[in-house]
Amino acid sequence: MSRPRPESLRFAYGTNGLTDLRLTDALALLADLGYDGVSLTLDHMHLDPLAPDLASRTRHVARDLERLGLGVAIETGARYVLDARRKHHPTLLDPDPEARGARVDLLLRAVRVAADLGAPAVHCFSGMLPPGESEETAWRRLADALGPVIVAAEAAGVALAIEPEPGHLLADLAGFHRLRTALGDPAALGLTLDIGHCQCLEPDPPAECVRAAAPWVRHVQIEDMRRGVHEHLPFGEGEIDFPPVLEALRAAGYGGLVGVELPRHSHAGPELARTSLRFLQDAERAAIEGGVRC
């Protein structure tokens, strides 16, 4: 049975595209622009997950979110939060158990932050296949590393939403289903669906990806992109037809946040946040008024 169609999708903007702003200023900006929420990347400049007094700082953010009326999803894609010299390292696939443990610990911290903020989902990713490692070993390692995080997420009432990332071991929807099956289809494991990534490498169009993945989608990232090129683009600079995508999300009854992800555009973050929301609202209106059928 399908979920009821939401009256309107809930749009958010990712703090990884607002890294030149203090978190308090970023949240105020998004609220003033009319966003429904924020995709909060835990990073050294925005609710540092490794700095002291995380619980206390999280309570301050919770108060700000409540005062501003913003929903939140937690993202863990900070580039250098664990290793100041290697982007996105260590990963859940690292051959060193201690290094893998650092990533697992970050995810466990993210689950606690999500629970304290009332966030329904924590985003994560697999990481790239380490040199010299077999895929079979890497898939086993990924499943083993995620085990305790899934247990913690379930206990906290939070979904762990893994993102298929181009170039990673888990790169596409087929990879998500491989992991899900290997883990026994745990209820707490869901999917972060990046609409741009669907355009980049999935065999089906983005709207069809939404329909196929709908039962498992717990978080959505959105931006423009071109086929075969993993580059996050402002809306209108890529190839995606957005009204069918937004209508597919509405038809699926998706009620989570749809978060704009432009991590390389922080220099223009405030203006892009403004124009992105207007674009998405216009695209959703076009889908509704145009009677796009799914």
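Predicted model, so just to flag it, every value in this text is computed and none were measured.

Rules behind the numbers
- Residues numbered from 1 in each chain as written.
- Predicted model: local features only at pLDDT ≥ 70, side-chain atom pairs only at ≥ 80, totals over all residues.
- Heavy atoms only, no water.
- Helix = DSSP H or I, 4+ residues; strand = E, 2+ residues; numbered from the N terminus.
- Rg over C-alpha atoms; globule rule 2.2 N^0.38 Å.
- Buried < 20%, exposed > 50% of the residue type's maximum accessible area, 1.4 Å probe, protein only.
- Contact = heavy atoms within 4.5 Å.
- Areas by Shrake-Rupley, 256 points an atom, 1.4 Å probe, with all protein chains shown as cover.
- Lys, Arg positive; Asp, Glu negative; His and termini not counted.
- Charge placed at Lys NZ, Arg CZ, Asp CG, Glu CD.
- UniProt positions renumbered as here; feature names shortened; annotations may be inferred.
- Axes fitted to C-alpha atoms, helices over the stretch in contact; angles between N-to-C directions.
- Parallel < 35°, antiparallel > 145°, perpendicular 65-115°, else oblique.
- Left-handed = near helix turned anticlockwise from the far one by under 90°.
- Nonpolar A, V, L, I, M, F, W, Y, C, P; charged D, E, K, R; others polar.

### A few points about the overall build of the chain
Alright, step 1. Within the chain one finds nine helices and ten strands.
Alright, step 2. Expected size for 294 residues packed as a compact globule is a radius of gyration near 19 Å; at 18 Å, the chain falls within 12% of this value.
Alright, step 3. Split into buried and exposed, the 294 residues of the chain put 54% on the buried side.
Alright, step 4. Considering only contacts in the chain between residues 6 or more positions apart, those separated by 24 or more positions represent 75%.
Alright, step 5. Counting only carbon and sulfur atoms, one obtains 50% of the accessible surface of the chain, whose full area is about 12800 Å².
Alright, step 6. If the 30 positive side-chain charges of the chain are averaged to one point and the 42 negative ones to another, these points end up 2 Å apart.

### Description of the UniProt feature "domain: Xylose isomerase-like TIM barrel" (unreviewed entry) in the chain
Alright, step 1. UniProt tags residues 27–282 as "domain: Xylose isomerase-like TIM barrel" (unreviewed entry).
Alright, step 2. Within residues 27–282, the helical portion is 45% and the strand portion 16%, while the C-alpha atoms at the span's ends are 23 Å from each other.

### A short note on the packing of helix α2 (residues 54–68) against helix α3 (residues 97–117)
Alright, step 1. Remark: α2 packs on α3, axes separated minimally by 9 Å, with the N-to-C direction vectors making an angle of 40°. Judged on the interaxial angle alone, α3 and α2 are oblique. The two elements α2 and α3 cross, and the hand of that crossing is right-handed. Facing α2, whose interface residues are Leu 54, Thr 58, Val 61, Ala 62 and Leu 65, α3 presents Arg 109, Val 113, Asp 116 and Leu 117.
Alright, step 2. Of the residues belonging to the contact of α2 with α3, the class tally is six nonpolar, one polar and two charged.

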